[in-house]
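If you want the building blocks of each chain, they are given just below.
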Amino acid sequence: MRKGSINPAVLTTALALLLTTACALAEEKVKGCHLADLARRATEAERAGCTGDAISAYEELLRQDPSYNSVAAPRLVELYTASGQASHALAWARKAAPGRPDPQAYLACVYASLGQFKEAEMILRQAVTATSDCEKLLPLLWQMADVQEKQGDYSAALATLNAACTANRNESMHKTSLARLPQLQARQRPQKNDSEAQP
């Protein structure tokens, strides 16, 4: 081989590498377009009220690229919840929860949305027990009081709100806790009057 000439084997290897890279980039571009198309299809179906189509598109999107989980999984939770498919909603909620600011509060909210208040309360009780941070504790207590009220257990809800009033040091959060007490009592009064009026 002459000095300064390119070795054919090296040239073939370099060309193969370039071709492989170009093909990989093209595939990635096609995949990216396909994923963007799936996301667009899902949101358009959701806007149009085509729940089944939206669910299918979101699930296919996540099957092809799990990195969309933080956006698509919560949408699936809401769609399955709205369509009354509790087991699917809860399965996706468990996948979505780790990406939420407070995973336990999120799960409890999904259970409550499905009307499973006992389960929601149990999750919240565990979260309250495990939390020592007052900034996180108070929203959990407020949420638990709401769940207890939805179950019709006003005395438990009042006790939880009273605990929230004594648990905090933050002035604005303390005011919020105090404001919730008379609101709950006002909602409780019509319930009592209705039950007393019945023979």
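Here, the structure is the one placed above.
Throughout what follows, the structure given in this document is the object of discussion.

Thresholds, definitions, all that
- Residues numbered from 1 in each chain as written.
- Predicted model: local features only at pLDDT ≥ 70, side-chain atom pairs only at ≥ 80, totals over all residues.
- Heavy atoms only, no water.
- Helix = DSSP H or I, 4+ residues; strand = E, 2+ residues; numbered from the N terminus.
- Buried < 20%, exposed > 50% of the residue type's maximum accessible area, 1.4 Å probe, protein only.
- Axes fitted to C-alpha atoms, helices over the stretch in contact; angles between N-to-C directions.
- Parallel < 35°, antiparallel > 145°, perpendicular 65-115°, else oblique.
- Left-handed = near helix turned anticlockwise from the far one by under 90°.
- Contact = heavy atoms within 4.5 Å.
- Nonpolar A, V, L, I, M, F, W, Y, C, P; charged D, E, K, R; others polar.
- Salt bridge = Lys/Arg side-chain N within 4 Å of Asp/Glu carboxyl O.

1. Here's the deal with the environment of alanine 156
With respect to the helices, strands and loops of the structure, alanine 156 is situated in helix α8 (residues 154-167). Given the relative accessible area of 18%, alanine 156 is considered buried. Along the chain, alanine 156 and alanine 145 lie 11 residues apart, while their C-alpha atoms are 7.3 Å from each other.

2. Topic: the packing of helix α3 (residues 69-82) against helix α4 (residues 86-96)
Between two packed helices, the angle of one axis relative to the other and the distance separating the axes together describe the packing. Relative orientation of the contacting elements α3 and α4 amounts to 160 degrees, with a least axis distance of 8 Å. Taken as axis vectors, α3 and α4 run roughly antiparallel relative to one another. Crossing handedness for the pair α3 and α4: left-handed. Of the residues in α4, those in contact with Asn69, Ala73, Pro74, Leu76, Val77, Tyr80 and Thr81 of α3 are His88, Ala89, Trp92, Ala93, Lys95 and Ala96. For the contact of α3 with α4, the class distribution of residues is nine nonpolar, three polar and one charged.

3. What about the pattern of salt bridges?
Within this structure, the stated rule accounts for seven salt bridges. For glutamate 78, the salt bridge identified is with arginine 75, shortest N-O distance 3.0 Å. With glutamate 78 and arginine 75 both in helix α3, this residue pair falls three residues apart, about one helical turn. With a closest N to O distance of 3.5 Å, arginine 180 and aspartate 146 form a salt bridge. Of this pair, arginine 180 sits in helix α9 (residues 171-197) while aspartate 146 sits in helix α7 (residues 134-150), and the two are 34 residues apart along the sequence. Among the residues examined, arginine 180 registers a relative accessible area of 22% and is labelled partly exposed. Since its relative accessible area comes to 29%, aspartate 146 is described here as partly exposed.

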